[in-house]
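Given next are the chains, with one letter for each unit.
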Amino acid sequence: MIFITAKFQVLPEHADQWPEIAGDFTRATRAEPGCLWFDWSRSVDDPTEYVLVEAFRDDEAGAAHVQSAHFRAAQEKLPRHLARTPRIVNTTVDQEGWSELGEMAVK
């Protein structure tokens, strides 16, 4: 799978509305057949930073995502709400989903 984590530094005046601002993009991406997950979290240290954790089934699913109409629409809409270009880690992982964190197993 393709595993991606991206950090979005949102302008302070838009930070509380970011989930709504990115809502159409989020819903459309989650509906893609190759999307495994697409989850936003807000930093506990910086209320203007959102972290996106996303995964796609394979290279074809990742390519379909960046070529989609909703991705192009997000490229037009989202940057005007950001303080800086998002930072990203993008890698291919040889697994199909989440694994358990054995060191913190719940008994």
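Residues numbered from 1 in each chain as written. Predicted model: local features only at pLDDT ≥ 70, side-chain atom pairs only at ≥ 80, totals over all residues. Heavy atoms only, no water.

1. Structural notes on the overall build of the protein chain
Check the secondary structure of the protein chain and you find four helices and four strands. Reading the helices (α) and strands (β) of the protein chain from amino to carboxyl end gives β-α-α-β-β-α-α-β. Principal-axis analysis of the C-alpha atoms gives the protein chain an extent of 40 × 35 × 20 Å. The buried share of the protein chain, taken over its 107 residues, is 36%. (Helix = DSSP H or I, 4+ residues; strand = E, 2+ residues; numbered from the N terminus. Buried < 20%, exposed > 50% of the residue type's maximum accessible area, 1.4 Å probe, protein only.)

2. Some details on the nonpolar core
In terms of nonpolar packing, the biggest core is built from 20 residues, with Phe8, Val10, Trp18, Phe25, Phe56 and Leu78 touching the most fellow members. No other element matches strand E1 (residues 2–9), which puts four residues into this core. Excluding residues that lie within four positions of it along the chain, Phe8 makes contacts with Trp18, Trp40, Thr48, Glu49, Tyr50, Leu52, Leu82 and Pro86. If you look at the next biggest cluster of nonpolar residues, it comprises five residues, including Met1, Trp37, Val51 and Val53. (Core = buried A, V, L, I, M, F, W, Y, C linked by side-chain atoms within 4.5 Å. Contact = heavy atoms within 4.5 Å.)

3. Overview of helix H3 (residues 59–66)
Because each turn of an α-helix spans 3.6 residues, side chains separated by three or four positions end up pointing in the same direction. Within the sequence span of H3, burial applies to Ala61, Gly62 and His65. The arc that holds every buried residue of H3, seen down its axis, measures 100°, which confines them to one face. In H3, the exposed positions that point more than 90 degrees away from the buried face belong to Asp59 and Glu60. The opening residue of H3 is Asp58, an N-cap whose side-chain oxygen sits 3.2 Å from the backbone nitrogen of Glu60. (Arc of directions from axis to C-beta. Polar contact = N/O pair within 3.5 Å; in protein donor to acceptor, adjacent residues only side chain to side chain.)

4. Some remarks on the UniProt feature "domain: ABM" (unreviewed entry) in the protein chain
The feature "domain: ABM" (unreviewed entry), as given by UniProt, occupies residues 2–93 in the numbering adopted here. Across residues 2–93 one finds 32% helix and 33% strand; the C-alpha atoms that close the span lie 6 Å apart. (UniProt positions renumbered as here; feature names shortened; annotations may be inferred.)

5. Describing the pattern of salt bridges
Applying the stated rule across the entire model yields five salt bridges. Between Asp16 and Arg42 there is a salt bridge, with the nearest N and O atoms lying 2.9 Å from each other. Of this pair, Asp16 sits in the loop between E1 and helix H1 (18–21) while Arg42 is found in strand E2 (residues 35–42), placing the two residues 26 residues apart along the sequence. Here Arg42 falls in the partly exposed class, since its relative accessible area comes to 34%. The partner of Arg27 in a salt bridge is Asp24, and the shortest N-O contact between them spans 2.7 Å. One end of the pair, Arg27, and the other, Asp24, are both in helix H2 (residues 23–30), three residues apart, so they sit about a helical turn from each other. Relative accessible area serves as the criterion here: at 53%, Arg27 is assigned to the exposed category. Under the relative-accessibility criterion, Asp24 is labelled exposed at 53%. (Salt bridge = Lys/Arg side-chain N within 4 Å of Asp/Glu carboxyl O.)

6. Some thoughts on the side chain of Ser68
Mapped onto the secondary structure, Ser68 falls in the loop between H3 and helix H4 (69–77). For Ser68, a relative accessible area of 11% puts it in the buried group.

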